[in-house]
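Commentary on secondary and tertiary structure
Chain by chain, the residues run as shown.
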Amino acid sequence: EVQLQQSGPEVGRPGSSVKISCKASGYTFTDYVMNWVKQSPGQGLEWIGWIDPEYGSTDYAEKFKKKATLTADTSSSTAYIQLSSLTSEDTATYFCARGPIYNNFFDYWGQGVMVTVSS
Amino acid sequence: DIQMTQSPASLSASLEEIVTITCQASQDIGNWLAWYQQKPGKSPQLLIYDATSLADGVPSRFSGSRSGTQYSLKISRLQVEDIGSYYCQQAHSNPPTFGGGTKLELK
């Protein structure tokens, strides 16, 4: 059974950084890309970027290029997103979502991590 | 970026009713279209990919169709477990973009 288990809720001060993890199980980690998606409170879905764990290659949406950094550890089948220079605009739920290499849809999702930016 | 215009934003329907949600793409995306269901407090789940292909484990009352750059998700007989929000997503080109969502409620 494919599972994506994300870390727990985070509270960050304005200007600080947070790092969220997404541990994959039930499939070969390097056979799929890992995407990250943002959902602001009561809002829709916004793609942040993806990482190919096999090669470490990444692609980001333009607005997240200076905000998010995606990494992956193949030894533990875990993907990470680091969000830097936090502002109130970063308060949201962040999902990891697996994607086939040949297509741009997302077939399995993590449970989401709520990040709250507060002083 | 490709814009996905989804309608309606909200919808109230009765059990066993046929429900249709549509998405209009701002340019040709072929069949590179997916649909997701999100229940309150949960993560989205894939329903349809490649515009018409049903994802594993998804009930057959869900179906997807395409007419040019307009895409539709149909629920043939609404069940109580279908209540939630629905999103379309274009998978044609980066960045992948989502429709604004449709909140489906019971009448």
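I will try to describe carefully the structure that is included in this document.

**Structural notes on the overall build of chain B**
- In terms of regular secondary structure, chain B is built from 0 helices and 11 strands.
- For chain B, the α and β elements follow one another from N to C terminus as β-β-β-β-β-β-β-β-β-β-β.
- Counting only C-alpha atoms and orienting by the principal axes, one finds that chain B spans roughly 35 × 25 × 25 Å.
- A total of 107 residues make up chain B; the buried ones form 47% of that total.
- Within chain B, contacts between residues at least 6 apart in sequence are counted, and of these 56% link residues at least 24 apart.
- Charge centroids of chain B, computed over 8 positive and 9 negative side chains, lie 6 Å from each other.

**Remarks on the sheet that holds strand β3 (residues 18–25) of chain A**
Residues and elements named next belong to chain A.
- Here 4 strands make up an open sheet; going across it, the order is β1-β3-β8-β7 and the pairing antiparallel. Taken across any chain shown, the strands that pair with only one partner, and hence form the sheet edges, are β1 (3–6) and β7 (68–73). For this sheet, the mean angle separating the axes of adjacent strands, direction not counted, is 20 degrees.
- Bridge count for β3 against strand β8 (residues 78–83) is 6 bridges, and the pairing is antiparallel.

**Description of the interface of chain B and chain A**
- In this assembly, 18 residues from chain B lie in contact with 20 residues from chain A.
- When chain B packs against chain A, the two sides together hide about 1,500 Å² of surface, and 62% of this comes from carbon and sulfur.
- In terms of surface lost to chain A, no three residues of chain B exceed Pro44, Asn94 and Phe98 of chain B, which account for 31% of the buried area on that side.
- For the interface between chain B and chain A, the tally reads 0 salt bridges.
- Across the chain B-chain A interface, the total number found is 8 residue pairs in polar contact (both at pLDDT 80 or more).
- Those elements that provide at least two residues to the side of chain B that touches chain A are β4 (33–38), β5 (45–49) and β9 (84–90) of chain B.
- The element best represented in the side of chain B that touches chain A is β4 of chain B, accounting for 3 residues.
- Residues that form the side of chain B that touches chain A fall into these classes: 11 nonpolar, 5 polar and 2 charged.

**Quick word on the state of the cysteines**
- For the structure shown, the criterion picks out 2 disulfides over all chains.
- There is a disulfide in this structure between Cys22 of chain A and Cys96 of chain A, and the S-S distance comes to 2.1 Å. Judged by the sign of its S-S torsion, about 75 degrees, the bond between Cys22 of chain A and Cys96 of chain A is right-handed. Remark: Cys96 of chain A occurs in strand β9 (residues 92–100) and Cys22 of chain A occurs in strand β3; sequence separation between them is 74 residues. Both residues of the pair, Cys22 of chain A and Cys96 of chain A, count as buried.
- Here Cys23 of chain B pairs with Cys88 of chain B through a disulfide, and the sulfurs are 1.7 Å apart.

**Looking at a nonpolar patch on the surface**
- A cluster of nonpolar side chains, Leu15, Val80 and Leu106 of chain B, forms an exposed patch at the surface whose accessible area comes to about 260 Å².
- Within the secondary structure, Val80 of chain B sits in the loop between β8 (70–75) and β9.

Conventions we followed
- Residues numbered from 1 in each chain as written.
- Chains lettered and ligands numbered in written order.
- Predicted model: local features only at pLDDT ≥ 70, side-chain atom pairs only at ≥ 80, totals over all residues.
- Heavy atoms only, no water.
- Helix = DSSP H or I, 4+ residues; strand = E, 2+ residues; numbered from the N terminus.
- Buried < 20%, exposed > 50% of the residue type's maximum accessible area, 1.4 Å probe, protein only.
- Contact = heavy atoms within 4.5 Å.
- Lys, Arg positive; Asp, Glu negative; His and termini not counted.
- Charge placed at Lys NZ, Arg CZ, Asp CG, Glu CD.
- Pairing = 2+ DSSP bridges.
- Axes fitted to C-alpha atoms, helices over the stretch in contact; angles between N-to-C directions.
- Buried area = accessible area lost by both parts, 1.4 Å probe.
- Salt bridge = Lys/Arg side-chain N within 4 Å of Asp/Glu carboxyl O.
- Polar contact = N/O pair within 3.5 Å; in protein donor to acceptor, adjacent residues only side chain to side chain.
- Nonpolar A, V, L, I, M, F, W, Y, C, P; charged D, E, K, R; others polar.
- Disulfide = S-S within 2.5 Å.
- Patch = residues over 30% accessible without salt bridge, like charges linked within 9 Å, V, L, I, M, F, W, Y side chains within 5 Å.
- Areas by Shrake-Rupley, 256 points an atom, 1.4 Å probe, with all protein chains shown as cover.

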